[in-house]
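Here's the letter readout for the chains.
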Amino acid sequence: MTILGRTAKVRLYPSEIQAIQLSDESREYQRLSNIVSEWVFNHDFPMNYLKINHALYKKLRQESPLNSQMIQSVFRTVVARYKTVLEQMRQHPFRYQDVDKKWVQTPIDLTWLFKPIHFSKPQADLVRQSNYSFVNGMTEISLTTLGKRTKMSFNSKGFGQYFQSGWKFGTAKLVHSQGKWYLHIGITKEVADFEPTSQSKIVGIDRGLRFLATVHDHLGKTRFFDGKKALRKRKKFLETRRQLQSKGTKSAKKKLQQLAQRENRWMTDLNHRLAKTLVSIYGSWALFVLEDLTNVTFNTDDLPKALRSSHRSWAFFQLELFLTYKAVTVQSKVLKVSPAFTSQRCPQCGLIEKNNRHHETHEYHCCRCQYRSNDDRLGAMNIKLLGEEWLCGVKHPQIKKITATG
Ligand SMILES: [Zn+2]
């Protein structure tokens, strides 16, 4: 079993009066959070919210219009924030130079804080059922405010799927952004894990530039996902970037930054759609096999010289990430295999020969058995074969070159 976690973002449509109520409530929540934060800071950071509860609950309940559930939520919110900060501190130890100018690392913890964590924005964490619930056949949301519960309509555009398919709704964060109100609802779902069987669908995926992905599957079908458009677009981005860089002005720098962001968003969207397409084609119980590209230098032969240095492998890793994320929701799995020789082995006779691959024509031609194939397809075929080996019990399948000695 795997527990999946997501955040469903829901837009709220409060009336004018309701908007004021939400605003008052989140301000009060913020005020109490800061009081609790100060107490935590002054009492050696007890990360146990029962302890805080014991010390502060009565006092806060008397002086605040927030209901008891919400006050409990405040405690949890504050503890969670301190824990996050502590985790960040653990990951970034303090570095300094000692008398011999040698760098020393020393671990830090919450006692290094010189003031309490400040909650700078109005916010509120709402617990399902006690503080918010869906009512009237899921057409409205009922929310706790300082006075009483109030109902309002909402829009879950894009998150509709989560309302049907067995997701559990957890704590929601009330968020006010650019004049609009939202609930960010934490949702979870238990799903069965991928189980290998002899019937499993195996999908070998070769990532590249000419083709973003070339796919070869258990039925022997090959699919090409064109990368030319992406490549053209990247070249265009590069041209604009050049022009801006040569200007060197402040506004040009700003434009450069925007351009980079736009380029990233565009690539991210492309990867999202590609991962989605692959998962919708193969569905449940599929084994998606990818090359493990950690520590691999990329073949950039297909790129113009100017783009080679700027070629960013993050796009490949992002596809892997998205595919992994989506596959697990349908009991499918992403398997990573060694990339060694996947573009050199002949899938028919097993010969590993670098010169079989002709980069200019994108053709693979086996000098021993005369097998011919498009070179991207060949990569995907070999990757798929490694997936088959894994299903047969080989833990780390890889193509090994055996040098003939006699
Ligand atoms: Zn061959």
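Residues numbered from 1 in each chain as written. Predicted model: local features only at pLDDT ≥ 70, side-chain atom pairs only at ≥ 80, totals over all residues.

### Concerning the overall build of the protein
Reasoning step 1: Secondary structure summary: the protein contains nine helices and 17 strands in total.
Reasoning step 2: Here the C-alpha radius of gyration of the protein, 28 Å, is well above what a compact globule of 406 residues would show, namely 22 Å.
Reasoning step 3: Its C-alpha atoms give the protein principal-axis dimensions of roughly 90 × 65 × 45 Å.
Reasoning step 4: At a minimum sequence separation of 6, the contacts of the protein that also span at least 24 residues come to 64%. (Helix = DSSP H or I, 4+ residues; strand = E, 2+ residues; numbered from the N terminus. Rg over C-alpha atoms; globule rule 2.2 N^0.38 Å. Contact = placed C-beta atoms within 7 Å.)

### Let's talk about the packing of helix 1 (residues 16-42) against helix 2 (residues 49-63)
Reasoning step 1: It is the contact of helix 1 with helix 2, at a shortest axis distance of 11 Å, that shows an interaxial angle of 140 degrees. One finds that helix 1 runs oblique with respect to helix 2. When the axes of helix 1 and helix 2 are compared, the crossing they make is right-handed. Side by side, helix 1 and helix 2 meet where Leu-32, Val-36, Trp-39 and Val-40 of the first sit next to Ile-52, Ala-55, Leu-56 and Leu-60 of the second.
Reasoning step 2: Looking at the contact of helix 1 with helix 2 residue by residue, the classes come out as eight nonpolar, no polar and no charged. (Axes fitted to C-alpha atoms, helices over the stretch in contact; angles between N-to-C directions. Parallel < 35°, antiparallel > 145°, perpendicular 65-115°, else oblique. Left-handed = near helix turned anticlockwise from the far one by under 90°. Nonpolar A, V, L, I, M, F, W, Y, C, P; charged D, E, K, R; others polar.)

### Details of the pairing of strand 12 (residues 222-226)
Reasoning step 1: Of the pairings in the sheet, the one linking strand 11 (residues 211-217) to strand 12 comprises five bridges and is antiparallel in character. Of the residues in strand 12, the one forming a bridge with Ala-213 is Phe-225.
Reasoning step 2: Where strand 11 hands over to strand 12, the hairpin turn is made up of four residues, of which Gly-220 adopts a positive phi near 85 degrees. (Pairing = 2+ DSSP bridges.)

### Digging into the domain arrangement of the protein
Reasoning step 1: Under the domain assignment, the protein is made up of domain 1 (2-191) and domain 2 (201-391).
Reasoning step 2: Computed over C-alpha atoms only, the centres of domain 1 and domain 2 are separated by 40 Å. (Domains from an automatic or database assignment.)

### Some words on the nonpolar core
Reasoning step 1: In this structure, Val-203, Ile-205, Phe-288, Val-289 and Leu-323 are the most contacted members of the largest nonpolar core, which totals 35 residues.
Reasoning step 2: For this core, the secondary-structure elements that each account for two or more residues are strand 10 (201-207), strand 11, helix 6 (250-282), strand 13 (286-291), helix 8 (314-327), strand 14 (333-337) and helix 9 (375-391).
Reasoning step 3: Residue contributions to this core peak at seven residues, all from helix 9.
Reasoning step 4: Within the second largest apolar cluster, 25 residues are counted, among which are Leu-22, Phe-75, Leu-126 and Leu-174. (Core = buried A, V, L, I, M, F, W, Y, C linked by C-beta atoms within 7 Å. Buried ≥ 20, exposed ≤ 12 C-beta atoms within 10 Å, placed from the backbone.)

### A word on the environment of Ser-332
Reasoning step 1: Relative to the assigned elements, Ser-332 resides in the loop between helix 8 and strand 14.
Reasoning step 2: Each C-alpha atom, one on Ser-332 and one on Gly-170, is 25 Å from the other, the two residues being 162 residues apart in sequence.
Reasoning step 3: In this structure, Ser-332 is in contact with Phe-194, Val-279, Tyr-282, Ser-284, Trp-285, Ala-286, Phe-288 and Ala-327, ignoring residues within four places of it in sequence.

### Re the sheet that holds strand 15 (residues 357-358)
Reasoning step 1: Strand order in the open sheet made by the three strands is 15-16-17, with antiparallel pairing throughout. Only two strands of the sheet have a single partner each, and these edge strands are strand 15 and strand 17 (372-374).
Reasoning step 2: Inspection of the sheet shows strand 16 (residues 363-365) paired to strand 17 by three bridges, in the antiparallel sense. Bridged to Tyr-364 within strand 17 is Ser-373.
Reasoning step 3: Helix 9 contacts strand 15, strand 16 and strand 17 of the sheet and is inclined by roughly 95 degrees relative to strand 17.

### Details of the sheet that holds strand 14
Reasoning step 1: A sheet is described by the order of its strands in space; here five strands give the open sequence 12-11-10-13-14, paired in mixed fashion. Two strands close off the open sheet at either side, each with one partner strand: strand 12 and strand 14. With strand direction ignored, the average angle separating the axes of adjacent strands in the sheet is 25 degrees.
Reasoning step 2: Bridging between strand 13 and strand 14 involves five bridges; their strand directions are parallel. Paired with Val-289 across the two strands is Leu-335, which belongs to strand 14.
Reasoning step 3: Packed on one face of the sheet, helix 9 meets strand 10, strand 11, strand 12, strand 13 and strand 14 and runs near 140 degrees to strand 10.

### A look at the pairing of strand 5 (residues 132-135)
Reasoning step 1: In the sheet, strand 5 pairs with strand 6 (residues 140-144) via four bridges, with the strands oriented antiparallel. Paired with Tyr-132 across the strands is Leu-143, a residue of strand 6.
Reasoning step 2: If you look at the hairpin formed by strand 5 and strand 6, you'll find four residues sitting between the two strands, and Asn-136 has a positive phi there, around 50 degrees.

### Observations concerning the environment of Ala-275
Reasoning step 1: Tracing the backbone shows Ala-275 in helix 6.
Reasoning step 2: Beyond its immediate stretch of four places on either side in the chain, Ala-275 contacts Leu-319, Phe-322, Leu-323 and Lys-326.

### Overview of helix 9
Reasoning step 1: With 17 residues, helix 9 should reach 24 Å at 1.5 Å per residue; the first-to-last C-alpha distance of 25 Å fits that figure.
Reasoning step 2: In terms of burial, helix 9 is a largely internal element, 14 of the 17 residues being buried.
Reasoning step 3: Just past helix 9, the residue Gly-393 takes up positive phi, approximately 110 degrees. (Expected span 1.5 Å × (residues − 1).)

### A closer look at helix 3 (residues 68-91)
Reasoning step 1: Over its 24 residues, helix 3 runs 35 Å from end to end, which matches the ideal 34 Å to within 8%, given 1.5 Å per residue.
Reasoning step 2: Restricting attention to buried positions, one finds in helix 3 the residues Met-70, Ile-71, Ser-73, Val-74, Phe-75, Thr-77, Val-78 and Val-79.
Reasoning step 3: For helix 3, the elements touching its buried residues are helix 1, helix 2, strand 4 (124-126) and strand 6.

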